[in-house]
Number of protein chains: 2
Amino acid sequence: MGGDHGPSVTLPACRSFLDRHPDAELVLVGQAQALAPAEHWERCQLVHATEVVLMDDPVEIALRKKRDSSMRVAIQQVKRVDGVAAADACISAGNTGALMAVARYLLKTLDGIDRPAIASVMPNQFDGYTTMLDLGANVDCTAEHLLQFALMGSALVAAVDGKPQPTVGLLNIGEEAIKGNEIIKRAGELLRAAGQAGLINFHGNVEGNDIFKGTTDLVVCDGFVGNVALKTAEGLAAMLSNFIKQEFTRSPYAKLAALIAMPVLKHFKQRVDHRRYNGAALLGLRGLVFKSHGSADAYAFENALNRAYDASRNRLLDRVHERILATLQAREGSAGGSGEPREVVGSHQAA
Amino acid sequence: MGGDHGPSVTLPACRSFLDRHPDAELVLVGQAQALAPAEHWERCQLVHATEVVLMDDPVEIALRKKRDSSMRVAIQQVKRVDGVAAADACISAGNTGALMAVARYLLKTLDGIDRPAIASVMPNQFDGYTTMLDLGANVDCTAEHLLQFALMGSALVAAVDGKPQPTVGLLNIGEEAIKGNEIIKRAGELLRAAGQAGLINFHGNVEGNDIFKGTTDLVVCDGFVGNVALKTAEGLAAMLSNFIKQEFTRSPYAKLAALIAMPVLKHFKQRVDHRRYNGAALLGLRGLVFKSHGSADAYAFENALNRAYDASRNRLLDRVHERILATLQAREGSAGGSGEPREVVGSHQAA
């Protein structure tokens, strides 16, 4: 029901997704009338919900008032009761703040995770993706949170991009370890120790331009910085795309040039098409939840479905959990010796 | 002497600058041999310095060891003794960290300014500029620092871009006043109060994409976030520019299309040419210091000279000082009544 366009986008995307994945099953959650077109689809179950969380509804409304919203009922589908859930992953194009709050309330966080984070990908110069988190769920992060993001993000890249040991960069304002504020410096120590303990593949500090250089598979940052970086990139891309359009329509000659350059420009456009990498993961919850961009069209929304499908097939939830448990165990092991549970990973380094 | 190319870039830029500004005088500071080509230039004075701060010299070296560096001697030229200085502004393409540290040490900060900040401009969709600060001088800022940045940045835009009451945006992760971390929320209150007291023209919160949308003339943020945003934008621009080059050389047809589209692509390139807006201002010091990008060519370096020239002709230093003094006075005025000096600007609002 969510997003700027609702079922007019999500239903065609679901139809196409089912056609392309003969082993996939969908559970569609929403108002009866909206779901009617999907009534006789194979491998598709309809679950009715009477309410809809609006894109501008405050979190409180989604959390306390609309108890039969499609968002809430959809999240409920992935809640495991006695190890079993009705669905493996939940995908929504709705209100991000509400989705995070309701998911956190219904699903709870995994052991060892203080706060869930939002992870998404940006394109890089190798025509690959750089995964980044947190993108806005947490505006104040401790060094410990940043370590948790690194663990969760590594599990995500391993599951979705098939890289077992993704490289991790800590977003900073210089490569040297002495750069940054106190939290970032401390996070650098924790990440370095986790790398030495074999829990992650830590590269070191990276800067904003490294996101697009593809210096590391994963970039870790607090949600404030991540959100500003994401929106700055979106804003620059929109401006440049507008400028190119303006230049190629400025005069009859420019229009002719556009016609001739069309195949080249089209290929360029495809290469940087943000719809191709739609679908952010809400990590750290006891269930898989993915967020599509609200403005997604059917092609973009189908890609969010694909990402959720890959993540669940590749056991993302278990992978996140395993990485967190390994870290907690490393911590306990070293705590026995040092009585300093916080320094875990650090003391492992010396072991 | 500074930058990636040294005098091979700075001297031609200075020559061209002198030719274009018949009323301008230059003081060139550097090693005797390097400055020799400028020996007989009119309106040009040479000041010799035996040492050079290297681009990778630690701040400590620049500050404590190289006491006769061109950087240090150049900054010394703008230091006012009994109200008189040898030069109105200092421009360097050298090591940013060293420049800031030496400038701060030699010139000191203005009354009412805790920390200097680095301000620069980004292009926006109106083919204008959005000024942004801080871009990396301060990795931990209080709300009070962000207010000082807003005051200094407003003075800069007023002096250089001729807008007497530039609009100010506070960089945040949402437009609503309740967004962001505690420091940002508190900064929002201070800026709102300063706006109501007529000290700045406060627009409200802006997001990363607003930099390029040109929503406000000025965007205020802490140096960590500003540096990440700047470098993210630089990285994306570099990647896109590479992709365009690759696409237009991919095949014989693409190369032909490039030839035909050349005038259009050239105009596009000029529009987003970052050399046009080279020259960051170090604000909050008792003297004007401008920083050129280290990789600047002669055209870019000349633009940094132009910005410094405009700033000094338009009394940037006095303007910054006046705005700070007005704020301090507003604060004292209201402090007399309320005994709450911190709430100054806030209580003015009620006055």
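Residues numbered from 1 in each chain as written. Chains lettered and ligands numbered in written order. Predicted model: local features only at pLDDT ≥ 70, side-chain atom pairs only at ≥ 80, totals over all residues. Heavy atoms only, no water.

- You'll find chain A entered in an unreviewed UniProt entry as Phosphate acyltransferase, with Sphaerotilus hippei given as the organism.
- Regarding chain A, the relevant UniProt record gives this comment under Subunit (unreviewed entry): "Homodimer. Probably interacts with PlsY."
- Per UniProt, chain A carries the Catalytic activity (unreviewed entry) text "a fatty acyl-[ACP] + phosphate = an acyl phosphate + holo-[ACP]". (UniProt positions renumbered as here; feature names shortened; annotations may be inferred.)

**Observations regarding the overall build of chain A**
Then step 1. Within chain A one finds 13 helices and 10 strands.
Then step 2. Projected onto its principal axes, the C-alpha coordinates of chain A cover approximately 70 × 60 × 40 Å.
Then step 3. Evaluated residue by residue, chain A yields a buried proportion of 55% over its 351 residues.
Then step 4. Contacts in chain A between residues at least 24 apart in sequence constitute 66% of all its contacts with a sequence separation of at least 6.
Then step 5. Charge-centre separation for chain A: the mean point of 37 positive side chains lies 3 Å from the mean point of 39 negative side chains. (Helix = DSSP H or I, 4+ residues; strand = E, 2+ residues; numbered from the N terminus. Buried < 20%, exposed > 50% of the residue type's maximum accessible area, 1.4 Å probe, protein only. Contact = heavy atoms within 4.5 Å. Lys, Arg positive; Asp, Glu negative; His and termini not counted. Charge placed at Lys NZ, Arg CZ, Asp CG, Glu CD.)

**Quick look at the interface of chain B and chain A**
Then step 1. Contacts between chain B and chain A engage 52 residues on the former and 52 residues on the latter.
Then step 2. Surface buried jointly by chain B and chain A totals about 4,700 Å² across both partners, of which 75% is contributed by carbon and sulfur atoms.
Then step 3. Inspection of the chain B/chain A interface yields four salt bridges.
Then step 4. Measuring nitrogen to oxygen at the nearest pair gives 2.3 Å for the salt bridge that ties Lys231(A) to Glu207(B).
Then step 5. The tally of links from chain B across to chain A stands at 12 residue pairs in polar contact (both at pLDDT 80 or more). (Buried area = accessible area lost by both parts, 1.4 Å probe. Salt bridge = Lys/Arg side-chain N within 4 Å of Asp/Glu carboxyl O. Polar contact = N/O pair within 3.5 Å; in protein donor to acceptor, adjacent residues only side chain to side chain.)

**Side note on the relation of the copies chain B and chain A**
Then step 1. For the pair chain B and chain A, the best superposition has an RMSD of 0.0 Å and corresponds to a rotation of 180° with a translation of 0.0 Å parallel to the axis. In short, the pair behaves as if placed about a two-fold rotation axis.
Then step 2. Looking at the interface residues of chain B, 100% of them are also at the interface in chain A, so both copies use one shared face. (Least-squares fit on C-alpha atoms with pLDDT ≥ 70 in both.)

**Some words on the pattern of salt bridges**
Then step 1. Applying the stated criterion across every chain yields a total of 34 salt bridges over all chains.
Then step 2. Ionic pairing is found between Arg313(A) and Asp310(A), a salt bridge with its closest N-O pair at 3.4 Å. Here Asp310(A) and Arg313(A) lie together in helix α11 (residues 298-313), a separation of three residues that amounts to about one turn.
Then step 3. When the shortest N-O distance is used, the salt bridge between Arg315(B) and Asp318(B) registers 3.8 Å.
Then step 4. Taking the relative accessible area as the measure of exposure, Asp318(B) reaches 31% and is therefore partly exposed.

**A closer look at the sheet that holds strand β9 (residues 280-283) of chain B**
Strand pairing in a sheet is mediated by backbone hydrogen bonds. Such pairs are either parallel or antiparallel.
Residues and elements named next belong to chain B.
Then step 1. Within the open sheet, the eight strands sit side by side as β3-β10-β9-β4-β5-β8-β6-β7. Their pairing is mixed. One side of each edge strand has no neighbouring strand; the edge strands of this open sheet are β3 (89-92) and β7 (201-206). Between one strand axis and the next, the sheet turns by 25° as a mean value, whatever way the strands run.
Then step 2. Pairing of strand β4 (residues 117-123) with β9, which is carried by three bridges, proceeds in the antiparallel orientation. Each bridged residue has a counterpart across the sheet, and for Ala-117 the counterpart in β9 is Leu-283.
Then step 3. Sheet strands in contact with helix α5 (residues 96-107) are β3, β4, β9 and β10 (288-291), and its direction is about 175° off that of β10.
Then step 4. Set on the sheet, helix α9 (residues 223-247) makes contact with β4, β5 (129-133) and β6 (167-171); between it and β4 the angle comes to about 30°. (Pairing = 2+ DSSP bridges. Axes fitted to C-alpha atoms, helices over the stretch in contact; angles between N-to-C directions.)

**A look at the packing of helix α10 (residues 252-271) of chain A against α9(B)**
Then step 1. In contact at an axis separation of 9 Å, α10(A) and α9(B) are set at 140° when each is read in the N-to-C sense. Crossing hand, α10(A) versus α9(B): right-handed. The residues of α9(B) that touch α10(A), namely those facing Val264(A), His267(A), Phe268(A) and Arg271(A), are Leu240(B), Phe243(B), Ile244(B), Gln246(B) and Glu247(B).
Then step 2. The residue inventory of the contact of α10(A) with α9(B), partitioned by class, reads five nonpolar, two polar and two charged. (Left-handed = near helix turned anticlockwise from the far one by under 90°. Nonpolar A, V, L, I, M, F, W, Y, C, P; charged D, E, K, R; others polar.)

**Here's the deal with helix α11 (residues 298-313) of chain B**
Residue and element names in this part refer to chain B.
Then step 1. Compared with the 22 Å implied by 1.5 Å per residue over 16 residues, the 22 Å span of α11 between its first and last C-alpha is a close match.
Then step 2. The complete set of buried residues in α11 reads Ala-300, Phe-301, Glu-302, Asn-303, Ala-304, Leu-305, Asn-306, Arg-307, Ala-308, Tyr-309 and Ala-311.
Then step 3. The residue sitting at the N-terminus of α11 and contributing the capping side-chain oxygen is Asp-297; that oxygen lies 3.2 Å from the backbone nitrogen of Tyr-299. (Expected span 1.5 Å × (residues − 1).)

**Points about the pairing of strand β6 (residues 167-171) of chain A**
Then step 1. Within β6(A), four of the five residues are buried, leaving the element largely enclosed by the surrounding structure.
Then step 2. Since β6(A) and strand β7 (residues 201-206) of chain A lie parallel, the crossover through helix α7 (residues 182-196) of chain A that links them has a hand, and here it is right-handed. (Right-handed = clockwise from strand over helix to strand, strands pointing away.)

**Digging into the domain arrangement of chain A**
All names here are of chain A.
Then step 1. According to the domain assignment, chain A contains domain 1 (1-107 + 276-314) and domain 2 (125-272 + 318-351).
Then step 2. For domain 1 versus domain 2, the distance between C-alpha centres works out to 25 Å.
Then step 3. On the side of domain 2, 15 residues touch domain 1, which itself brings 12 residues to the contact.
Then step 4. Between domain 1 and domain 2, roughly 1,100 Å² of surface is buried when both sides are summed, and carbon and sulfur atoms account for 56% of that area.
Then step 5. Our count for the contact surface shared by domain 1 and domain 2 stands at zero salt bridges.
Then step 6. Summed over the shared surface of domain 1 and domain 2, the result is four residue pairs in polar contact (both at pLDDT 80 or more).
Then step 7. Looking at the side of domain 1 that touches domain 2, the elements with two or more residues in it are β9 (280-283) and α11.
Then step 8. Looking at the side of domain 1 that touches domain 2, the element that brings in the most residues is α11, giving three residues.
Then step 9. Tallied by class, residues from the side of domain 1 that touches domain 2 come to five nonpolar, three polar and four charged. (Domains from an automatic or database assignment.)

**Remarks on unusual backbone geometry**
All names here are of chain A.
Then step 1. Residue Leu-133 is joined to Asp-134 through a cis peptide bond whose omega torsion reads 0°.
Then step 2. Summarising the element assignment, Asp-134 is placed in the loop between β5 (129-133) and α6 (143-161).
Then step 3. With phi around 55°, Arg-315 is a residue other than glycine that occupies positive phi space.
Then step 4. With respect to the helices and strands, Arg-315 occurs in the loop between α11 and α12 (316-338).

**Examining the packing of helix α9 (residues 223-247) of chain A against α9(B)**
Then step 1. Packing of α9(A) against α9(B) leaves a shortest axis separation of 9 Å and a crossing angle of 40°. Considering only the axes of α9(A) and α9(B), their crossing is right-handed. Between α9(A) and α9(B), the residues in contact are Phe224(A), Val225(A), Val228(A), Ala229(A), Thr232(A), Ala233(A), Leu236(A), Ala237(A), Leu240(A) and Ile244(A) and Phe224(B), Val225(B), Val228(B), Ala229(B), Thr232(B), Ala233(B), Leu236(B), Ala237(B), Leu240(B) and Ile244(B), respectively.
Then step 2. Tallied by class, the residues present in the contact of α9(A) with α9(B) amount to 18 nonpolar, two polar and no charged.

**Quick word on the nonpolar core**
Inside soluble globular proteins, nonpolar side chains tend to come together where they are buried.
Then step 1. One finds Leu316(A) and Leu316(B) to be the most contacted residues of the largest nonpolar core, which totals 192 residues.
Then step 2. Each of domain 1 (1-107 + 276-314) and domain 2 (125-272 + 318-351) of chain A contributes no fewer than three residues to this core.
Then step 3. Those residues in contact with Leu316(A) that lie beyond four places of it in its chain are Ala155(A), Leu156(A), Ala159(A), Leu283(A), Leu288(A), Phe290(A) and Ala311(A). (Core = buried A, V, L, I, M, F, W, Y, C linked by side-chain atoms within 4.5 Å.)

**What about the environment of His274(A)?**
Then step 1. Note that His274(A) resides in the loop between α10 and β9.
Then step 2. In the structure, His274(A) is positioned 153 residues away from Val121(A) in sequence and 9.5 Å away in space, judged by C-alpha atoms.

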